[in-house]
Amino acid sequence: SEMERGFNANAREFVPNFNAPAFVPGQNWGMPVAPPPVAVPPPAAAVPQPEAWDEEMPVAEVAPVVVDEPVADEPSAAPVAAAAAAPAVPAERKEDAVQALGKKFERAVYVDDGSHKEHVNIVFIGHVDAGKSTIGGQLMFLTGMVDKRTLEKYEKEAKEKGRETWYLSWALDTNEEEREKGKTVECGRAYFETEKKHFTILDAPGHKSYVPNMINGANQADLAVLVISARKGEFETGFDRGGQTREHAMLVKTAGVKHLVILVNKMDDPSVAWDEERYKEVQDRLTPYLKKCGFNPKTDITYIPCSGMTGEFIKDRPDNAEHGSWYTGPCFIEYIDNMLPSISRDYNGAVRCIIHDKYSEMGTVVIGKMESGCVVKGQSLVIMPNRSVVQVMQIWSDEVECDRVVCGDNIRFKLKGVEEAEVQNGFIICSPDALCSVSRVFDAEVIILEHKSIIAPGYSCVMHIQSAVEEVIVKNVICTMDKKTNEKKKARFVKQDEKAILRFESSEAFCLEPFKVLPQLGRFTLRDEGKTIAIGKVVKIIGGGEN
């Protein structure tokens, strides 16, 4: 009989309950308890336990059934029950369900709590031996970041090596090779604070062999300080063709630096002796060239005479009234603290953090600069172009551990989910909901600065774009452009001093954006045989990589 086989022929008909609460993952629902094998009045609704937490499961008030009765074989009731149950979900529970899915990739929101000082990155550029590292060391001493005792130790060690005038630069030139030769090789990094702002010093190398390192520093900067040596003969060497003063000024403009402070250094030198005529001569020769680079002499350029060795006009005016009494403008720190126009930052945009360096220390640590957005500890992000999903375990901003960094900060992240070998300079950390573009083929507007022969399809050179270095080939010349009217003409090749739109192709896909979308990822420099040959900006991304 049916009763002997375990079926209850007298069981009531199954009636779905449209007002049952929706299933919420994470709650301890327990397995359904089977009723006794006899018909009884209906107990409270028993909910079947799903196998996986994200499996959709209809919740219905079930009529009492005998053991093993196949209740789930009612196909039509399931979708109707799920749809009808939706309006009755309590608000709190609904929020929990959404958070369980989306919390991992939620974007951090910037809230100004008043504790965040404006952050300004300063790159020191100029010809070799102009005094960049010495001024950087003097700044750190005058703002209390290096104590007197440490400087006395440096002075003593420098004297023993016969390098006594170099001791201030040792605050930034930390390795033995740099100290021995008196040349900066790597881009030195330090920071100091004033009452209103937080400054990071990027001490770029002046030697022409290390221009790639200088470009890396310029790409992180908001303000450039061009250091000029006023000493007789030194300014001329640096400024004339072959000197680094011209190339550095052009490179920082290409890197997107809008403001340039020119420190006319070594004014205390016996060959100058605070002579106003020499200061004006430097100004008169330099301004026309900077104007040609694209700087506006009235709004973008500030000249300040100083002495990096004695610290005069760096923080305070000289005690000796005869030294520079003709100069009535501000001192350097006073200018950058009070008179520098504020820099616009996109705090609530998608996260864009350019990786400049990386190392392994109990996990993968990356060094970079936040170009957009806000990152908090524990946040999940994506490294492009290889799409590695990572979690930020620790955050440092200029050596100080913190819980949050925003656009404009120099950062170090300890990342979980990626090996150090998988990360390269020029990779971009992005928000998971807004990844940056990745491509191999793109069109760019280029100005040829210095190149002896013509540039035609098939020409290859090295491209520096943010901190990535890529080898690219000119696929074809789309057109040349008139510099004044932007009128386009068809062309088969490009030569020096011409402006053109070229199509480039790289061997590997890398991160870039059109200039109008995010300028920091859309501007680049082309170099060949140790010289900067062109500057340009990405106009259109064609493809060849994953977007």
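Above this note sits the structure.
The notes below deal with the structure included here.

Parameters at a glance
Residues numbered from 1 in each chain as written. Predicted model: local features only at pLDDT ≥ 70, side-chain atom pairs only at ≥ 80, totals over all residues. Heavy atoms only, no water. Buried < 20%, exposed > 50% of the residue type's maximum accessible area, 1.4 Å probe, protein only. Helix = DSSP H or I, 4+ residues; strand = E, 2+ residues; numbered from the N terminus. Pairing = 2+ DSSP bridges. Expected span 1.5 Å × (residues − 1). Bend = angle between axes of the 7 residues up to and from the residue. Contact = heavy atoms within 4.5 Å. Polar contact = N/O pair within 3.5 Å; in protein donor to acceptor, adjacent residues only side chain to side chain. Axes fitted to C-alpha atoms, helices over the stretch in contact; angles between N-to-C directions. Left-handed = near helix turned anticlockwise from the far one by under 90°. Nonpolar A, V, L, I, M, F, W, Y, C, P; charged D, E, K, R; others polar.

With six of its seven residues buried, strand S14 (residues 410-416) lies for the most part within the structure. Of the strand pairs in this sheet, strand S8 (residues 364-372) and S14 are connected by six bridges, and their pairing is antiparallel. Looking at S14, one finds that Lys369 is bridged to Asn410. Examined bridge by bridge, strand S11 (residues 388-397) and S14 share six bridges and lie antiparallel to one another. Across the sheet, Gln391 pairs through a bridge with Lys416, a residue of S14.

Helix length check: helix H9 (residues 276-293), at 18 residues, gives a terminal C-alpha distance of 26 Å against a target of 26 Å (1.5 Å per residue), a fit within 8%. Within H9, the axis deviates most sharply at Leu286, by approximately 30 degrees, and proline Pro288 lies no more than four positions further along. Along H9, the residues that are buried comprise Arg278, Tyr279, Val282, Leu286, Tyr289, Leu290 and Cys293. Of the surrounding elements, those touching the buried residues of H9 are strand S4 (223-229), helix H7 (234-239), helix H8 (244-254), strand S5 (259-265) and strand S6 (301-305). A side-chain oxygen of the first residue of H9 lies 3.2 Å from the backbone nitrogen of Glu277; this N-cap is Asp275. Once H9 finishes, Gly294 follows within two positions and takes phi at roughly 120 degrees, a positive value.

On to the packing of helix H6 (residues 211-218) against H8, then. Contact pair H6 / H8: the axes reach a minimum separation of 10 Å and the direction vectors enclose 35 degrees. The crossing of H6 and H8 is right-handed. Contacts from Val211, Met214, Ile215 and Ala218 in H6 reach Gln244, Glu247, His248, Leu251 and Val252 in H8. Residue composition of the contact of H6 with H8, grouped by class: six nonpolar, two polar and one charged.

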